[in-house]
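What the coordinates show
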Amino acid sequence: MDVSVEADGLGTNAESSSLTLETKEDDSKEEAESVTVALSGEAEDSSTAVKTENGEPDNSASAADPFAYLDRDFTSEKFKVEIRGLPKFYGFGELKKLVTDTLQLSCTKVKPPRRGCSWAYACFRSEEDRSKALEVLNGYVWKKCNLSARTAQAAPDPYIAKRARMEEQRHNKRKKYNNEDEHLSQEERLKKATAPYWNIPYAEQQTLKRDDMRKLLVQLGDELVKANRDLSGWLKEQKEKNDGLPCPLLNIRSAPMIDGYRNKCEFNIGLNPETKKVTVGFRLGSYADGSVEVAPLDGMPHVPDRMKQVAKAMENFVEESGYPPFDHVTHHGFWRQITVRLGHATGELLLVAGMHPQSLKDEELKSVKEKFVKYFSEGQGAACNVHSLHFLSLGMREQGSKHPSCEHLWGQTHIHDILLGLKFRISPEAFFQVNTLACEELYKAIAEVASLSEETTLLDVCCGTGTIGLCLSKQSGQVLGIELIEQAVKDADFNAETNGVKNCSFFAGRAEDILTGVIARANKKELVAVVDPPRAGLHQKAIVTLRRTRQIEKLVYVSCDPNAALKNFIDLGKPPSKSMRGLAMVPVKAIPVDLFPHTKLCELVIYFERIDTRLPEERYQPMN
């Protein structure tokens, strides 16, 4: 579990809130190459505190230096290098590998100043490391290009810089200060950030989402023909049949439950800017947008009442604990967040409290945990009927350190929920779709396009705790699941045994590493792959592996952010080449499924089949 944020209408980066949600988006499972490759785990939103006369932190932009954070014990921004002369085409994963593996430089992160730049930044841990990098990089030939490197200036603290610009706009009469949300109430601002469709009738929400999926498929068709000219005739025919789309787009599948549907939420702990009191809720904006304040979640339509009750109880506990909330500007304070998971069918509730321990001694930290348990097991918080209590230490991470793991404190170690008649064990870190009832519609859509039978081996890639494979096991002859996180595989095995499912096997490892060996275990005539990757999509290596695996003729891709996964869709359709072996896969049918009512996001299920572009077009007959 990380402090990173999922973008399903509730994330700091995507929708200006600070609700971290599913482990599916956690760094531990994230397989997609990020534009910014962070290796150190250091916080990007940190700065050194500026003090007022009475010694209290002064968070005003006018009093803060945007470069004051450089005086901390360590930040890699102190030792940054600008790399120029990069080739026209390269991946940041490749650049990272060059710097850290090939050249053996002690780099903490590699990042571009903006998308499409012809240069990049690399950050290091010391002046010695930076000097070595300058010496090695200057004149190094990479992809027939001569690289050059020079010392780069540190970036200003985004929070302080943003606040300074806002102050300047307010006081500079020659510049128009425009904040379209200024007239909105706090609750309205929060709804706009986390549930922008909250005041739109549900039928209209569905229409908007289906229109978005249509635009995405139009773009996919345009990009496919650019990537693979051999598909031009096929695509022209498909567009004529499907009203301009490369494949049929079926009607959107509705969510049976549209209010209070979330079974997992993460809430920030901070100060309400209006009441100045401790608040457990959502951030009003991101750090880079100049906001660290937290607003209550009372009016949020997609958050269950049980979770709202827990948030209020936690506010009281934080007040009583004597330890103030963590301040993301000064890095003072303790309580950072809580994660709440709820089994909709079972009513079981799991609570994780995340705290920065600062310099607390072991005995002090032990006392905090004991008070937390007592409060929710027999104190005022007992009214929330919590079944499982956990604690998460969220201090600053060192380079190469693992993500912190939850410590079980009291009650059940897991909670449970029911999905398509099967009972699933859910741990604090496990991925489980956030809308249980809508998830059932999602899995029905997968089964529909996959056309499973007793003669089918279902290959479940990114299987998590096995929900897709187990739910579709009755319709398949065999299920083989692949998952990066070993604990999730253990949960999948447990779930299979609990439900008496005998035809499922799960394996831990990267898909690109173990896929061939797992497929060798397939004992049915037909092999159908289902991939349900993290939000950013599958790693390029996984796409290459799926393409070159000839046994996979059919593939179902489940995407919670189709725009982010568009590159995967295009790569599946590229012509066979030295780097992308195997016949192209083209979209045959698409079904949108609404897992996130009141937000702009929607799941998209796309069914792909292989096509041999070297054969006459009439030899390929797409699915009706």
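Residues numbered from 1 in each chain as written. Predicted model: local features only at pLDDT ≥ 70, side-chain atom pairs only at ≥ 80, totals over all residues. Heavy atoms only, no water.

Going by what an unreviewed UniProt entry lists, the protein chain is known as tRNA (uracil(54)-C(5))-methyltransferase and is assigned to Megalurothrips usitatus. Looking at the Catalytic activity (unreviewed entry) heading of the UniProt record, one finds this comment for the protein chain: "uridine(54) in tRNA + S-adenosyl-L-methionine = 5-methyluridine(54) in tRNA + S-adenosyl-L-homocysteine + H(+)". (UniProt positions renumbered as here; feature names shortened; annotations may be inferred.)

1. Focus: the packing of aromatic side chains
Each pair of aromatic rings is reported with the distance of its centres and the angle of its planes. Following the criterion strictly, the structure yields 10 aromatic pairs and no others. Between the aromatic rings of Tyr323 and Phe334, the centroid separation amounts to 4.9 Å while the plane-to-plane angle is 70°, which identifies the pairing as edge-to-face. On the criterion of sequence distance, the pair formed by Tyr323 in the loop between helix H8 (305-321) and strand S11 (335-342) and Phe334 in the loop between H8 and S11 is long-range, its members being 11 residues apart. The exposure classification of Tyr323 matches that of Phe334, with both residues buried. Taking 5.9 Å as the distance between ring centres and 40° as the angle between the ring planes, the aromatic pair formed by Phe569 and Phe608 counts as tilted. Of this pair, Phe569 sits in helix H15 (residues 562-572) while Phe608 sits in strand S23 (residues 603-611), and the two are 39 residues apart along the sequence. Given the relative accessible area of 0%, Phe608 is considered buried. Counting every residue linked through ring pairs, the aromatic cluster contains Phe317, Trp335, Phe372, Tyr375 and Phe376. Between Lys80 and the ring centre of Tyr121, over which it is positioned, the NZ or CZ distance is 4.4 Å. (Phe/Tyr/Trp six-rings, centres within 6.5 Å; stacked < 30°, edge-to-face > 60°. Helix = DSSP H or I, 4+ residues; strand = E, 2+ residues; numbered from the N terminus. Buried < 20%, exposed > 50% of the residue type's maximum accessible area, 1.4 Å probe, protein only. Lys NZ or Arg CZ within 6 Å of the ring centre and 35° of its normal.)

2. Here we look at the nonpolar core
Leu442, Tyr443, Ile446, Leu470, Phe506, Val556 and Val605 are the most contacted members of the largest nonpolar core, which has 50 residues in total. Counting residues in hydrophobic clusters, the runner-up holds 48 residues, among them Cys247, Leu249, Leu480 and Val518. (Core = buried A, V, L, I, M, F, W, Y, C linked by side-chain atoms within 4.5 Å.)

3. Focus: the sheet that holds S11
The strand order across the open sheet formed by seven strands is S10-S9-S8-S11-S12-S13-S14, and the pairing between neighbours is mixed. Looking at the sheet topology across the chains shown, the edges are occupied by strand S10 (294-296) and strand S14 (407-411). Recorded for the sheet is a direction-independent mean angle of 35° between the axes of neighbouring strands. Two elements, strand S12 (residues 349-355) and strand S13 (residues 388-393), share six bridges in a ladder whose sense is parallel. Across the sheet, Met355 pairs through a bridge with Ser393, a residue of S13. With respect to the sheet, helix H5 (residues 186-194) is in contact with strand S9 (278-283) and S10, its orientation differing from that of S10 by roughly 105°. Against the sheet, H8 makes contact with strand S8 (264-271), S9, S10, S11 and S12, and its axis sits at roughly 150° relative to S11, the strand it touches most. (Pairing = 2+ DSSP bridges. Axes fitted to C-alpha atoms, helices over the stretch in contact; angles between N-to-C directions. Contact = heavy atoms within 4.5 Å.)

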